[in-house]
Amino acid sequence: MTNLAPLLALAALLLLTPWQSMATASADADPNATVVTLELADFLDEGRPLVVHMLMPTGDRPAAFALSPGFNAACHTVAFEQPPVVTAQRIDCGLRVTILPDPWVPRDGKPMDATVHVRTTVSQGRIEGRYEGKLGDREVRGTVSGQVGSAPETSRANGLLMLQMLELPLEGIDKPWQRRAVVELSLRDGQVTGGAAYTLGSPTYGEWSGYLEEPDLRLTQGRLRGRVTLNYHGGRQERKSVRLEIDALVIGDHVGGRYQAPEGTADPKTPRLITGQFTASKDDVRRPPFPMVLNLHDLLGDGGHTLRLHLASDARGKIQGFGFSPTFNRATHWLDDASLEIEDGHLRGRLRITAHTDSFQPGHPATWPLDVTIDVKLDGRHGVGAHHGTLAGRPARGIVDARMVDPHTPADPQPLAIKLEDGLIGGAAWQNRAFLTFTIKDGQVVPGRFFSNKDVWQGSLEGGTARFVGDRIEAELRARVEDGTVESGRYDIRIDGAMVGGVLGGQFEVKHESGRERTGQFVGSLGTRPPE
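Rules behind the numbers
Numbering of residues starts from 1 in each chain and follows the order in which that chain's sequence is written. Only residues with pLDDT of at least 70 get local features here, since the model is predicted, and only at 80 or more are side-chain atom pairs given and counted; chain-wide, interface and lining totals rely on the full set of residues. To obtain the side-chain values, all non-hydrogen atoms of the structure were used and water was disregarded. Put simply, DSSP marks the helices as runs of H or I at least four residues long and the strands as runs of E at least two long, and each gets a number from the N terminus on. Whether a residue is buried, partly exposed or exposed follows from its accessible area with a 1.4 Å probe, protein chains only, as a fraction of its type maximum: under 20%, in between, or over 50%, in that order. We call two residues in contact when some of their heavy atoms are within 4.5 Å. Pairing of aromatic rings covers Phe, Tyr and the six-membered ring of Trp, with a centre-to-centre limit of 6.5 Å; geometry is then stacked below 30 degrees between planes, edge-to-face above 60, and tilted otherwise. Note on geometry: a ring has a charge over it if NZ (lysine) or CZ (arginine) is within 6 Å of the ring centre and within 35 degrees of the ring normal. By definition here, a salt bridge exists when the distance from a side-chain nitrogen of Lys or Arg to a carboxyl oxygen of Asp or Glu is within 4 Å. Strand pairing follows a simple DSSP-based rule, namely that at least 2 bridges must link the two strands. Helix axes use the C-alpha atoms of the stretch in contact, all axes being lines fitted to C-alpha atoms, and the angles between their N-to-C directions lie in the range 0 to 180 degrees. For the purposes of this section, nonpolar cores are sets of buried Ala, Val, Leu, Ile, Met, Phe, Trp, Tyr and Cys residues that join through side-chain atoms within 4.5 Å. Think of a polar contact as two N or O atoms within 3.5 Å of one another; within protein, one of them needs to be a possible hydrogen donor and the other a possible acceptor, and neighboring residues in sequence only count if both atoms come from side chains. Each residue carries a pLDDT score, the predictor's own confidence in it, on a scale running from 0 to 100.

1. Remarks on the overall build of the protein
A tally of regular secondary structure across the protein gives 2 helices and 33 strands. Classification of the 532 residues of the protein by burial places 54% in the buried group. Of the contacts made within the protein by residues no fewer than 6 positions apart, 50% connect residues no fewer than 24 positions apart.

2. Some points on the packing of aromatic side chains
Applying the stated rule across the entire model yields 6 aromatic pairs. Between the aromatic rings of Phe-43 and Tyr-131, the centroid separation amounts to 5.7 Å while the plane-to-plane angle is 50°, which identifies the pairing as tilted. Residue Phe-43 is located in strand β1 (residues 34-45), and its partner Tyr-131 is located in strand β8 (residues 126-135); the two are separated by 88 residues in the primary sequence. The burial state of Phe-43 is the same as that of Tyr-131; both residues are buried. Between Phe-435 and Phe-451, the ring centres sit 5.5 Å apart and the planes meet at 15°, which makes this aromatic pair stacked. Taken together, the residues span a long stretch of sequence, with Phe-435 in strand β27 (residues 434-441) and Phe-451 in strand β28 (residues 444-451) at a distance of 16 residues. Pair check on accessibility: Phe-435 and Phe-451 agree, each one buried. Linked through ring pairs, Phe-322, Phe-324 and Trp-334 together constitute an aromatic cluster. In this structure, Arg-403 is placed above the aromatic ring of Tyr-198, and the distance from its NZ or CZ to the ring centre is 4.0 Å. A cation sits over an aromatic face here: Arg-449 above Phe-451, 3.9 Å from the ring centre.

3. Here we look at unusual backbone geometry
With omega at -10°, the peptide bond leading from Val-105 into Pro-106 counts as cis. Residue position: Pro-106 is located in the loop between β6 (90-99) and β7 (112-123). In this structure, Pro-413 follows Asp-412 across a cis peptide bond, with omega equal to 5°. Position of Pro-413 relative to the elements: it lies in the loop between β25 (394-404) and β26 (414-420). Of note, the phi angle at Glu-214 is positive, near 55°, even though the residue is not glycine. Within the secondary structure layout, Glu-214 lies in strand β13 (residues 208-220).

4. Examining the pattern of salt bridges
Applying the stated criterion across every chain, the model contains 22 salt bridges. Among the salt bridges present, the one from Arg-188 reaches Asp-379, with a minimum N-O distance of 3.1 Å. In this pair, Arg-188 is assigned in strand β11 (residues 181-188) and Asp-379 in strand β23 (residues 367-379), connecting sequence segments 191 residues apart. In this structure, Arg-480 and Glu-462 form a salt bridge, with 3.1 Å as the shortest nitrogen-oxygen distance. Separated by 18 residues along the polypeptide, Arg-480 in strand β30 (residues 472-484) and Glu-462 in strand β29 (residues 457-469) bring together distant segments of the chain. According to the relative accessible area criterion, Arg-480 is partly exposed, its value standing at 30%.

5. Thoughts on the sheet that holds strand β21 (residues 329-343)
Sheet architecture is closed into a barrel: 8 strands sit in the order β18-β19-β20-β21-β22-β23-β24-β25, paired in antiparallel fashion. Averaged over all pairs of adjacent strands, the angle between strand axes in this sheet comes to 25°, irrespective of strand direction. Looking at chain direction, β23 and strand β24 (residues 382-391) are connected through 10 bridges and run antiparallel. In the strand pairing of β24, Asp-379 is matched with His-382.

6. Focus: the sheet that holds strand β32 (residues 503-512)
The strand order around the closed barrel formed by 8 strands is β26-β27-β28-β29-β30-β31-β32-β33, and the pairing between neighbours is antiparallel. Recorded for the sheet is a direction-independent mean angle of 25° between the axes of neighbouring strands.

7. Overview of the pairing of strand β14 (residues 223-234)
Of all 12 residues in β14, 10 are buried; the element is thus mostly enclosed. Between the antiparallel neighbours β13 and β14 lie 2 residues, among them Gln-221 with a positive phi of about 55°. Pairing between β14 and strand β15 (residues 240-251): 10 bridges, direction antiparallel. Within β15, the residue paired with Tyr-232 across the bridge is Lys-240.

8. What to know about the pairing of strand β3 (residues 63-67)
Counting buried positions over the 5 residues of β3 gives 5, a clear majority of the element. Pairing analysis gives 5 bridges linking strand β2 (residues 48-56) to β3, with the strands arranged antiparallel. The residue of β3 that forms the bridge with Leu-55 is Ala-63. Here β3 pairs with strand β4 (residues 75-80) via 3 bridges, running antiparallel. Note that in β4 the partner of Ala-66 across the bridge is His-76.

9. Describing the nonpolar core
If you look at the biggest cluster of nonpolar residues, it comprises 31 residues, and the most contacted ones within it are Leu-161, Leu-163, Met-165, Leu-168, Leu-185, Leu-224 and Leu-230. The set of elements that each furnish at least two residues to this core consists of β10 (159-165), β11, β12 (191-199), β13, β14, β15, β16 (254-260) and β17 (272-280). Here this core gets 5 residues from one element, more than from any other, and that element is β15. Setting aside its immediate chain neighbours within four residues, Leu-230 contacts Leu-168, Leu-170, Ala-197, Trp-208, Gly-210, Tyr-211, Leu-212, Lys-240, Ser-241, Val-242 and Leu-244.

10. Some thoughts on the side chain of Arg-472
If you trace the backbone, Arg-472 turns up in strand β30. Of the polar contacts made by the side chain of Arg-472, one reaches the side chain of Asp-496; its length is 3.3 Å. The residues contacting Arg-472, other than those within four sequence positions of it, are Asp-314, Gln-320, Arg-467, Asp-496, Gly-497 and Ala-498.

11. A few points about the environment of Leu-212
Along the chain, Leu-212 falls in strand β13. Along the backbone, Leu-212 and His-382 are 170 residues apart, and their C-alpha atoms lie at a distance of 9.9 Å. For Leu-212, the residues in contact, after removing those within four places along its chain, are Val-183, Glu-184, Leu-185, Gly-195, Ala-196, Ala-197, Val-228, Thr-229, Leu-230 and Val-384.

12. A few points about the confidence of the model for the protein
Regions with low pLDDT should not have their predicted coordinates read in detail. For the protein, the average pLDDT comes to 86, and 87% of its residues sit at 70 or higher. Note on residues 1-31: pLDDT under 50 across the span, and 94 contacts to partners over four residues away in sequence or across chains.

So, in structure tokens, the structure goes:
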């Protein structure tokens, strides 16, 4: 049973303002500190709980924030109505919560105030009890569940922080959903040593790409604080940069807080919200370098667009890969050959790539051969360096950043979405494009959809087999086209590829019942939303 007796010193705690509670209260990283998670069922609506994360150090102020899974992506402020009572047998506390909006919910964009009183019992670290209070003018009550445990030693943390940052102040990027991002940060002894920033959504299309430099962030006493510079490039502008000041709490494996941009940037000094996850790790630069994502910046097109490569190695150690240029075109670009190694904390080597055009770029060459040498200084799971070489025979150079990703551990069942570019027979290339969604369960394919994104033919997925071998996927699928602008009848589809960072790529072979065949490259992703 968790020993909470030292927490009786909390009786003299001072009341906190909401933002003090979320982002300025310090919490000593001591062995008697306690992490409490309270899930208030149906607090916001049926099936939409409020989850309160509390860090309770001995002899110091508690700190807390709240999340609302199923409601919105914001981090909500929490203040204590009265000093909480926390013992080994019960938790009794009164909370003032401000439910903050994200760019979508609530629709009016206004915060909601709530007060709630929680009474629970504690048994072997598990919490059960009830709550009652008010959300705006509405009375709320229900059950509480959760857990209590010792706080990890975060002042000397080693691991990975994954932050979701809303409404980044990016000039020229107008829509809120285009200005959210994942920011990854490598931690060593509590110091941020490097990081990466990337957009959410389709791997083949996005409004900007960027990289982080000059991280000056530290996680100490449960608090992440400092600044970092984001360099970014949009599809219609030169590269710009913005400096972000971050202030957040790490409570257990959850992160909540805010960031703001300094004067002289778009929307300066307006606090924006951060949520995230902390994963403890002992990874360092001696681990195998693959799978990984490499971003070759300042490369494609007149504006210097980024080429993002997903790299993995097969069972024989041969590096294979594919990539996209989300702000340039929607084509898939393929790695022809790679020779990379880690030496003295640097990732060095040579890449040969064939970049492709797409149907939205009339007049461009069909392919651009790229031969480039890279040198990236790694620290933790991230690194920044330089690339130089030739693109279609012309000199090319720029910044490169690297992000190591975890090998894929497939779930069962595992939903997938696949795109076969020019994969069918009988129509123009855009008519032959095919999308498939299915689930792998016990090695069998549970059919989803087989369709054209232009609705020029009707089809169905009948079944097949599929499996992951490490980071590689092998599948044999049976599909049928009933009518439309491509050849109708049965199609046997074989795919063989790699999974890197939630994105799939590789080779496909298609055989029509008439005996005609087609080969090419596929891309895909986890979930049921296919790449665009």
